[in-house]
Amino acid sequence: MKGTKKSAAIFERTELPPINERELIERFQNGDTEAFNPLVLKYQQKIYNLLYLQVGDRETARDLSQDVFLKAFQALPHFKQNSAFYSWLYRIASNCSIDFIRKQKRQKVLMFEELPPDVDNKLQVTRMCLSPSEEIEDEELGRIIRKAVRQLSPEQRRVFKMRYRRELSIKEIAIRLNKSEGTIKAHLHHARKKLRILLAPYLQNEPLHWNGGD
């Protein structure tokens, strides 16, 4: 193609012959996996465009597109055709983009090596541009972070709160607690390490096996 291709496009636009989606799906469900290919060719650009609008990055949209069609390939044997194929595929793509965005957001908040001062304030600012469902999720995230902090040893918890809630420097904390700066750094290191371990299941959408109380 010549210079008319938009920068967001990643798949070639070609004229495709009409296809009978219901027949292709039935063939696939009867064991003809090659019948999936025309469905991919028909919808790959639409799915890519949808994902690109959601995530704003071409490479990510391309990777997510591959995930969408892989999930569709795996789930198609169970597709009952109660809705249009594209509607079904659209839901898969939407869920993939939501999961990706949610994971990215959590990773940014929960990277404790660079944890921002006052987690609660960061979450409050973030909520200003969130949908109601995302606000609920961030409230849950804030609660889980606070619970995780309660799992630290008393000394680690005290140092952690002084550093990230009260925004004191390492030197200021050392002076107030009459400890060496090396000791304070060690407490913070172990606190962050433990928090990452405690919160790892949440990041992977797995149940937590601890509970710090509300």
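Up top is the structure.
Predicted model, so just to flag it, every value in this text is computed and none were measured. (Residues numbered from 1 in each chain as written. Predicted model: local features only at pLDDT ≥ 70, side-chain atom pairs only at ≥ 80, totals over all residues. Heavy atoms only, no water.)

Let's talk about the packing of helix α2 (residues 36-55) against helix α3 (residues 58-75)
Item 1. As a packed pair, α2 and α3 sit with axes 8 Å apart at the nearest point and diverge in direction by 135°. In terms of orientation, α2 lies oblique with respect to α3. As for how α2 packs across α3, the hand of that crossing is right-handed. Packed against α2, whose contacting residues are F36, V40, Y43, Q44, I47, Y48, L51, Y52 and V55, the element α3 presents R58, T60, A61, R62, L64, S65, V68, F69, A72 and F73 at the interface.
Item 2. Per-class residue counts for the contact of α2 with α3 are 14 nonpolar, three polar and two charged. (Axes fitted to C-alpha atoms, helices over the stretch in contact; angles between N-to-C directions. Helix = DSSP H or I, 4+ residues; strand = E, 2+ residues; numbered from the N terminus. Parallel < 35°, antiparallel > 145°, perpendicular 65-115°, else oblique. Left-handed = near helix turned anticlockwise from the far one by under 90°. Contact = heavy atoms within 4.5 Å. Nonpolar A, V, L, I, M, F, W, Y, C, P; charged D, E, K, R; others polar.)

Some details on the nonpolar core
Item 1. Residues F36, V68, L76, F85 and L89 are the most contacted members of the largest nonpolar core, which totals 25 residues.
Item 2. The set of elements that each furnish at least two residues to this core consists of α1 (21-29), α2, α3 and α4 (85-109).
Item 3. The element contributing the most residues to this core is α2, with eight residues.
Item 4. Here L89 is in contact with Y43, I47, V68, F69 and A72, once residues within four sequence places are set aside.
Item 5. Listed in part, the 21 residues of the second largest apolar core include L168, A191, L195 and L198. (Core = buried A, V, L, I, M, F, W, Y, C linked by side-chain atoms within 4.5 Å. Buried < 20%, exposed > 50% of the residue type's maximum accessible area, 1.4 Å probe, protein only.)

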